[in-house]
Amino acid sequence: MGLQNLGHGVKIGSNELSDLTIARMAWLLPAITVPMAMLVHILSGNFRTFPIFISEADHPGLERWIFTIGFCCAGLIQMFFAYRMWHSMRHIGRRKLMHITFICGLFTGANLVVMSFADMYDYLALHVLTASNVFQGGMVWALLAHLSLPNANQKGRKIRIWGMIISLVSFIIMTQSIIRAVKDLEKFGLEGDTLFTLNSIQPAIDVAAYAEYGLFIGLIMALYSFEYDIKNKILESE
């Protein structure tokens, strides 16, 4: 089964997949995965309290299957979307910046795949590293993609700018809340029980968790905004 690049999509075997569908899957998959995993986590009675970090929904049970499968697929689609965006728009965008954007998209997607398997309960250090790479890499990817398209759709640009602002402000609030809370975390046993650690810093999580939700929403907005640029490209070529 081979992959063939088309004008506005790809052909995988005998099936065609449009760039618009790929772009939509890139933001829709994580947008569905997060609330579904968290809802199942809460309804199953496995949640500690509320608010909680998104990754706390990666708990043994049905919610872990939703979290892992959803984010693994989302990471793979993210890498595929980064490739298609580079392939289809490198001639109309800033070429050198498009190359860097492509690499950043691959990096973000790859970390999302690893994070989907590295749950915070059993692989805390790896989870924190990959989750941080996803959040920071996602923001950088959105910014570079934004800068690499000088003639982007105006509505898409506005949504993207707001998404990046929301992400940046939320990221600063989230990280500062956690940094202040974990200054003396050794006494809570960072290398020990994750649940005990989370319970110990819950006052900080009360702020950081909502900021993480804002960061997630901002990144989804940024991903969604590129649909407008893809639609523009399709209309211009007709």
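All of these numbers come straight from a predicted model, not from anything done at the bench. (Residues numbered from 1 in each chain as written. Predicted model: local features only at pLDDT ≥ 70, side-chain atom pairs only at ≥ 80, totals over all residues. Heavy atoms only, no water.)

Within the largest apolar cluster, 61 residues are counted, with the highest numbers of intra-cluster contacts made by Phe-81, Met-85 and Trp-141. Those elements that provide at least two residues to this core are helix H1 (19-43), helix H2 (62-89), helix H3 (95-117), helix H4 (124-148), helix H5 (154-181) and helix H7 (202-237). If sequence neighbours within four positions are ignored, Trp-141 has contacts with Gln-78, Phe-81, Ala-82, Met-85, Thr-101, Cys-104, Gly-105, Thr-108, Leu-223 and Phe-226. (Core = buried A, V, L, I, M, F, W, Y, C linked by side-chain atoms within 4.5 Å. Buried < 20%, exposed > 50% of the residue type's maximum accessible area, 1.4 Å probe, protein only. Helix = DSSP H or I, 4+ residues; strand = E, 2+ residues; numbered from the N terminus. Contact = heavy atoms within 4.5 Å.)

Across its 28 residues, H5 extends 41 Å between first and last C-alpha, which sits within 8% of the 40 Å expected from 1.5 Å per residue. Looking only at H5, the buried set comprises Gly-156, Ile-159, Arg-160, Gly-163, Met-164, Ser-167, Ser-170, Phe-171, Met-174 and Ser-177. Capping the start of H5, Asn-153 holds a side-chain oxygen 3.0 Å from the backbone nitrogen of Lys-155, two or three residues further along. (Expected span 1.5 Å × (residues − 1). Polar contact = N/O pair within 3.5 Å; in protein donor to acceptor, adjacent residues only side chain to side chain.)

On to the packing of H3 against H4, then. H4 packs onto H3 with a crossing angle of 155 degrees between their chain directions and a minimal axis gap of 8 Å. In terms of orientation, H3 and H4 fall into the roughly antiparallel class. The handedness of the crossing between H3 and H4 is left-handed. A class-by-class count of the residues in the contact of H3 with H4 yields 16 nonpolar, ten polar and no charged. (Axes fitted to C-alpha atoms, helices over the stretch in contact; angles between N-to-C directions. Parallel < 35°, antiparallel > 145°, perpendicular 65-115°, else oblique. Left-handed = near helix turned anticlockwise from the far one by under 90°. Nonpolar A, V, L, I, M, F, W, Y, C, P; charged D, E, K, R; others polar.)

Moving on, we come to the environment of Ala-31. Assignment of secondary structure puts Ala-31 in helix H1. Judged by relative accessible area, Ala-31 falls into the partly exposed class, the value being 23%. Separated by 163 residues in the primary sequence, Ala-31 and Thr-194 have C-alpha atoms spaced 26 Å apart. Sequence-distant contacts of Ala-31, that is, excluding residues within four places in its chain, are made with Phe-216 and Ile-220.

Residues at a pLDDT of 70 or more form 92% of the protein, whose mean pLDDT is 88. The lowest-confidence element of the protein is strand S1 (residues 3-6), averaging 67 in pLDDT; the highest-confidence one is H1, averaging 95. (pLDDT = per-residue confidence, 0-100.)

Among the secondary structure elements, His-127 is positioned in helix H4. Overall, His-127 belongs to the buried group, its relative accessible area being 4%. The contact partners of His-127, leaving out residues within four places of it in the chain, are Ser-55, Met-115, Ala-118, Asp-119 and Met-120.

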